[in-house]
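Next come the chains, spelled out residue by residue.
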Amino acid sequence: LAIKRALDIGVSLLVLALGFPAFLACAVLVRIGSKGPVLYRGIRAGLHGKPFRILKFRTMVVDAERLAGPTTGTNDPRVTRVGWFLRRTKLDELPQFLNVLWGDMSLVGPRPELPWLVDQYADWQRKRFNVPQGMTGWWQVNGRSDKPTVAKTRDDLYYIQNYSLLLDVIILWKTIGAVFKRRGAF
């Protein structure tokens, strides 16, 4: 776990330093594209279900949750034009490197979940919170958003049971390909 945390810190610092121009460009695009804050700060369930504020570049109109409830999909009218681009390229998730640096998340692990969805989980599904939640994980590189929730949870548990630094490296490598193929991303 100490090596995993050191990797998280090192990669996050590297991405934050080298990716600063991309961060700045995304922030400017969000600001120009619609009124409101540049960052979205949502509550997610993290390690052991503890809530934390996840950071993303804002891709929806202000107060999107009140307009139509928490939904995702390819035809969501709440998503801004800039937001569609950021989501498809996954650039909206760049601020999560700060979450990783702060220790709220890891580079690899089960994706953090909305608390209201966690409240609906069966006991076996809650085991996914026994490890730090990640920016990417096993199900993201093996089907992404195309999978039903139960299958995603099974993939998360597979990752937990088979965890190794080598598996993390494999997932990180496959994530690059999944992002470029834009498979299952909204």
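This text gives an overview of the structure that appears in the document. All figures in this text were calculated on a predicted structure; none of them were measured in a lab.

Moving on: the overall build of the protein chain. What the protein chain contains, in helices and strands, is eight helices and four strands. When the helices and strands of the protein chain are read in sequence order from the N terminus, they spell out α-α-β-β-α-α-α-β-α-β-α-α. Over its C-alpha atoms the protein chain spans a radius of gyration of 16 Å, differing by no more than 12% from the 16 Å that the globule rule assigns to 186 residues. In terms of principal-axis extent, the alpha carbons of the protein chain reach across some 45 × 40 × 30 Å. When each of the 186 residues of the protein chain is scored for burial, the buried share is 44%. With an accessible surface of roughly 10,200 Å², the protein chain has 64% of that area assigned to carbon and sulfur atoms. The average position of the 28 basic charges and that of the 14 acidic charges among the side chains of the protein chain differ by 5 Å.

Let us look at unusual backbone geometry. One non-glycine residue with positive phi stands out, namely His48, at about 60 degrees. Within the secondary structure, His48 sits in the loop between β1 (39-45) and β2 (51-57). For Lys90, which is not glycine, the phi dihedral falls at a positive 65 degrees. Within the element layout of this structure, Lys90 appears in the loop between α4 (81-89) and α5 (96-102).

Residues Phe20, Leu24, Val28 and Ile32 make up a contiguous nonpolar surface patch of about 420 Å² in total accessible area. Position of Leu24 relative to the elements: it lies in helix α2 (residues 20-33).

The subject of this paragraph is the pattern of salt bridges. Pairing between side chains becomes possible if they bear opposite charge and their charged atoms approach one another. In this structure the tally under the stated criterion is five salt bridges. Measuring nitrogen to oxygen at the nearest pair gives 3.4 Å for the salt bridge that ties Glu93 to Lys90. Owing to a relative accessible area of 11%, Glu93 belongs among the buried residues under this scheme. Classification of Lys90 by relative accessible area gives partly exposed; the value is 21%. With its nearest N and O atoms 3.7 Å apart, the salt bridge here joins Arg111 to Glu93. Placement of Arg111 in the loop between β3 (106-108) and α6 (115-118) and of Glu93 in the loop between α4 and α5 is noted, with a sequence separation of 18 residues between them. By relative accessible area, Arg111 is classed as buried at 12%. Connected through salt bridges with shared partners, the residues Lys90, Glu93 and Arg111 form a single ionic network.

Burial within β2 is extensive, with five of its seven residues counted as buried. In terms of strand pairing, β1 meets β2 through seven bridges, oriented antiparallel. Within β2, the position partnered with Ile43 by the bridge is Arg53. Between β1 and the antiparallel strand that follows it, β2, lie five residues; His48 among them carries a positive phi value of about 60 degrees.

The next subject is the nonpolar core. Phe57 and Ile171 are the most contacted members of the largest nonpolar core, which has 23 residues in total. Mapped by element, the contributors of at least two residues to this core are α2, β2, α4, α5, β3 and α8 (165-181). Counting residues per element, this core draws most heavily on α2, which supplies four residues.

Definitions and limits used
- Residues numbered from 1 in each chain as written.
- Predicted model: local features only at pLDDT ≥ 70, side-chain atom pairs only at ≥ 80, totals over all residues.
- Heavy atoms only, no water.
- Helix = DSSP H or I, 4+ residues; strand = E, 2+ residues; numbered from the N terminus.
- Rg over C-alpha atoms; globule rule 2.2 N^0.38 Å.
- Buried < 20%, exposed > 50% of the residue type's maximum accessible area, 1.4 Å probe, protein only.
- Areas by Shrake-Rupley, 256 points an atom, 1.4 Å probe, with all protein chains shown as cover.
- Lys, Arg positive; Asp, Glu negative; His and termini not counted.
- Charge placed at Lys NZ, Arg CZ, Asp CG, Glu CD.
- Patch = residues over 30% accessible without salt bridge, like charges linked within 9 Å, V, L, I, M, F, W, Y side chains within 5 Å.
- Salt bridge = Lys/Arg side-chain N within 4 Å of Asp/Glu carboxyl O.
- Pairing = 2+ DSSP bridges.
- Core = buried A, V, L, I, M, F, W, Y, C linked by side-chain atoms within 4.5 Å.

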